[in-house]
Every structure is written in structure tokens, then in C-alpha cells.
Amino acid sequence: MAPISVGDSLPDGQLGWFDENDQLQQVSIHSLAAGKKVILFGVPGAFTPTCSNQHVPGFITQAEQLKAKGVDEILLISVNDPFVMKAWAKTYPENKHVKFLADGVGAYTKALGLELDLTEKGLGVRSRRFALLADNLKVTVANIEEGGQFTISGAEEILKAL
Amino acid sequence: MASVLARRARGSAAAALWSAARGFASVGSDIVSAAPGVSLQKARSWDEGVATKFSTTPLKDIFHGKKVVIFGLPGAYTGVCSQSHVPSYKNNIDKLKAKGIDSVICVAVNDPYVLNGWAEKLQAKDAIEFYGDFDGSFHKSLDLEIDLSAALLGRRSHRWSAFVDNGKIKALNVEKAPSEFKVSGAEVILDQI
């Protein structure tokens, strides 16, 4: 699968999520993104440094500005199970808007063409670091890192594009 | 559904028959030979991973020449695992050491960084060594893997415990269902050492 790019339609897929009432749900990307402006950003792994200390905090602190520019949803996905995503989300008590979604077996990451083999590091197949902006399911911005580096996939770049 | 019925049918037979019927891991078998070429990943922070060049630990280093109590569970940050299973071993560590146990090990199909975060949250790293079976190969070799896709966890481990002496499995306890916590706690294994 070629990596998703500008002009493509966001594929549908089911992701795991513990909602506001702590209920485990399966949500479909299309139900969250159809008819809306959404940011979908992905990280190689929960509880790893760049993901935890730089990538995620950027979107959490810029969430209000992003919403002010018309973004309806800010969705974070990682190839982790929903329990791990919930625990990781709890380490950000200040987070109001970013939804931590679990791509448990990596099916959605595969549908986006963004897998990254990190078996050597003990992580298995994960996701490349990326940030997408989609308007009614049409991808308008696709900032995809080669691997796990953090250069173009942050909140700042998305803000500039809005 | 069929596998659940099969498990229930097996569970109704005597517990001894259940563990004797197990393919690769059973009392008397050698845990290292049952899983040749398998290594585990010691729970660590990413920086520690970089510093150790992401090295893995072969089973023989963990088991040879040692008395080990090892327990496996479905997943870090999940209910029974966090609230009952790990605390059972953490709270009984002195009794286990008094009976000559060299190490108490917790293993799960998680990556070593998630396990490290969880172990620190449970404040259990002093008592217990946490190892990640990140691709499930350890549990698969011992026939202890279970498909928990219905719970959005994918292929994981049963809830189990074992007393392993110089690589030989002396006691093995496997819960009938991963949500149960009846035979795999520290109190049970203390009687089996």
C-alpha cells in the first residue's frame, strides 16, 4: 500500500478507544471525520520519548488554536492496545481535545500505507511519525516523516497550513 | 465461540489432566528447550534501550542455575493484571526470597517500554523483573498464547505462573480464563516451592 498523500480519501477503519465514561468502544474513522475538518497524527509508540515529550504535547498545547481555526477533531493513533493508550492519555491531565485511539494490531496504519518495522527495537511493526489534515475525508495536508524523526509532523506545521 | 466451548470442556476435566495435556509447557519439561532461540526484552526506558543497543536476554541467562518464579499475564495496564496479579507477587516477595527463590519474573506480550512505564507506576521494579515477549514467541513456544482480539488486545498470554528450577518446570498453574485469578497468584506457588 502506497503511503497516503494529498488528494487521497481517508480510508475507513475501526480503532479502540476508552470514551469519557471509561467505556471501551470501537470507533470508525469515517464516523469521526465525515463532514468535518480533522487532524490525524500518528506516533511509533506510547511511552517512548519523542512521542511523549515532543509530538503529543505539541498538539495538546496547540489544541485551542487549532480548534479556533476550524479543526473539529484532533485524533492521535498508535499501534498500541486501548488499555495502554488510556494509561498514556492519563499522563497528560491537561489534555482536553486530543483523542487517544488504539490501532491495536496495526490494521489502520497499514490501510494508510504508513507501517514502520521497529522489530529490532523490540516494538514490532508500528507507524511512521505523521500528521494529516483532512477535510470531509479528503486529505489536504500530509506531513509524513521517514521514520521516527520529528521534523515536519508537529502541530506548528499544521497550524501554518490552516 | 468454538474455542471458548472447547476451553470450558477442557476446564471441566481435572486440573492435573488439563496441565498434563498441555503440549509444550508442562511439569517436568525444560523451559529453555521448549522455546529454542527465544529471547525476552527486559523492561527499560527508551534511553536505556539505546544505551544497551536494544539487547535481548536469552532464556538460558534467566533460568540456568537459578530458582525462578515466573508469572505471565494478558496485558500491562489492564484490570486484574494491575490490581491483583502483580501486587500478589510484590507483596509476597520476602516470603518467596525466604524460600530460596533467586528471581521473580513477570512476562507479558507488550513492548519493553510500555512494560517499564507500567512497572514504575505499580512501583514493582524493585521486587519483580519485568520482561516483554513483544512478538509473543515465548508464549507461543510454551503453548500459552491466547487470542484476545475480541477484547482488542490481539494475541496475548494466558494468566499463568510457574516455579522453574535450573530451567526445569516444577510447578505450572494456568487460569481457565484470563479474567480469573485463582491459581496463578503468589500464595499458591509459595506452597508449591
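All of these numbers come straight from a predicted model, not from anything done at the bench.

### Looking at the overall build of chain B
In terms of regular secondary structure, chain B is built from 10 helices and nine strands. Counting the 193 residues in chain B, one finds 54% classified as buried. Looking at chain B alone, contacts between residues at least 24 apart form 68% of all its contacts between residues at least 6 apart. Taken as a whole, chain B presents about 8,600 Å² of accessible surface, with 53% of it coming from carbon and sulfur.

### Some remarks on the pairing of strand E4 (residues 73-78) of chain A
A regular strand carries its side chains on alternate faces of the sheet. All names here are of chain A. Burial within E4 is extensive, with six of its six residues counted as buried. By the alternation rule, side chains of E4 split into Glu73, Leu75 and Ile77 and Ile74, Leu76 and Ser78, which are all buried. Pairing analysis gives six bridges linking strand E3 (residues 37-43) to E4, with the strands arranged parallel. By the bridge assignment, isoleucine 39 is partnered in E4 with isoleucine 74. Alignment of E4 against strand E5 (residues 98-102), held across five bridges, turns out to be parallel. Considered in E5, the bridge of isoleucine 74 is made with valine 98.

### With respect to the side chain of Gln62(A)
Residue and element names in this part refer to chain A. Among the secondary structure elements, glutamine 62 is positioned in the loop between helix H2 (49-61) and helix H3 (63-68). A residue is classified by how much of its surface remains accessible, and glutamine 62, at 12% relative accessible area, is buried. Once residues within four sequence positions are removed from consideration, glutamine 62 is found in contact with Ala155, Glu156 and Leu159.

### Observations concerning the UniProt feature "active site" (unreviewed entry) in chain A
Residue and element names in this part refer to chain A. Feature annotation in UniProt assigns "active site" (unreviewed entry) to the following positions: Cys51. As for its position among the elements, cysteine 51 is in helix H2. Residue cysteine 51 is classed as buried on the basis of its relative accessible area, which comes to 1%. For cysteine 51, the contacting residues outside a window of four places in its chain are Val43, Pro44, Gly45, Val56, Pro57, Trp88, Tyr92 and Arg129.

### Focus: the interface of chain A and chain B
Contacts between the two partners involve 22 residues from chain A and, on the opposite side, 18 residues from chain B. A buried area of about 1,600 Å², summed over both sides, lies between chain A and chain B, and 72% of it is on carbon and sulfur atoms. The largest contributions to the chain A side of the interface with chain B come from Phe47(A), Phe83(A) and Lys121(A), which together make up 32% of the buried area. The interface formed by chain A and chain B holds two salt bridges in total. The closest approach of N and O atoms between Asp81(A) and Arg156(B), which form a salt bridge, is 2.6 Å. The tally of links from chain A across to chain B stands at three residue pairs in polar contact (both at pLDDT 80 or more). Contributions of two or more residues to the side of chain A that touches chain B are made by strand E2 (24-28), helix H4 (82-90) and strand E7 (124-127) of chain A. At four residues, H4(A) tops the list of elements feeding residues into the side of chain A that touches chain B. Classifying every residue of the side of chain A that touches chain B gives 10 nonpolar, eight polar and four charged.

### Quick look at the state of the cysteines
All names here are of chain B. Throughout the structure, instances matching the rule amount to zero disulfides over all chains. With no disulfide of its own, cysteine 81 has cysteine 106 as its nearest cysteine by sulfur position, at a separation of 8.0 Å. Judged by relative accessible area, which is 1%, cysteine 81 ranks as buried.

How each quantity is defined
Residues numbered from 1 in each chain as written. Chains lettered and ligands numbered in written order. Predicted model: local features only at pLDDT ≥ 70, side-chain atom pairs only at ≥ 80, totals over all residues. Heavy atoms only, no water. Helix = DSSP H or I, 4+ residues; strand = E, 2+ residues; numbered from the N terminus. Buried < 20%, exposed > 50% of the residue type's maximum accessible area, 1.4 Å probe, protein only. Contact = heavy atoms within 4.5 Å. Areas by Shrake-Rupley, 256 points an atom, 1.4 Å probe, with all protein chains shown as cover. Pairing = 2+ DSSP bridges. UniProt positions renumbered as here; feature names shortened; annotations may be inferred. Buried area = accessible area lost by both parts, 1.4 Å probe. Salt bridge = Lys/Arg side-chain N within 4 Å of Asp/Glu carboxyl O. Polar contact = N/O pair within 3.5 Å; in protein donor to acceptor, adjacent residues only side chain to side chain. Nonpolar A, V, L, I, M, F, W, Y, C, P; charged D, E, K, R; others polar. Disulfide = S-S within 2.5 Å.

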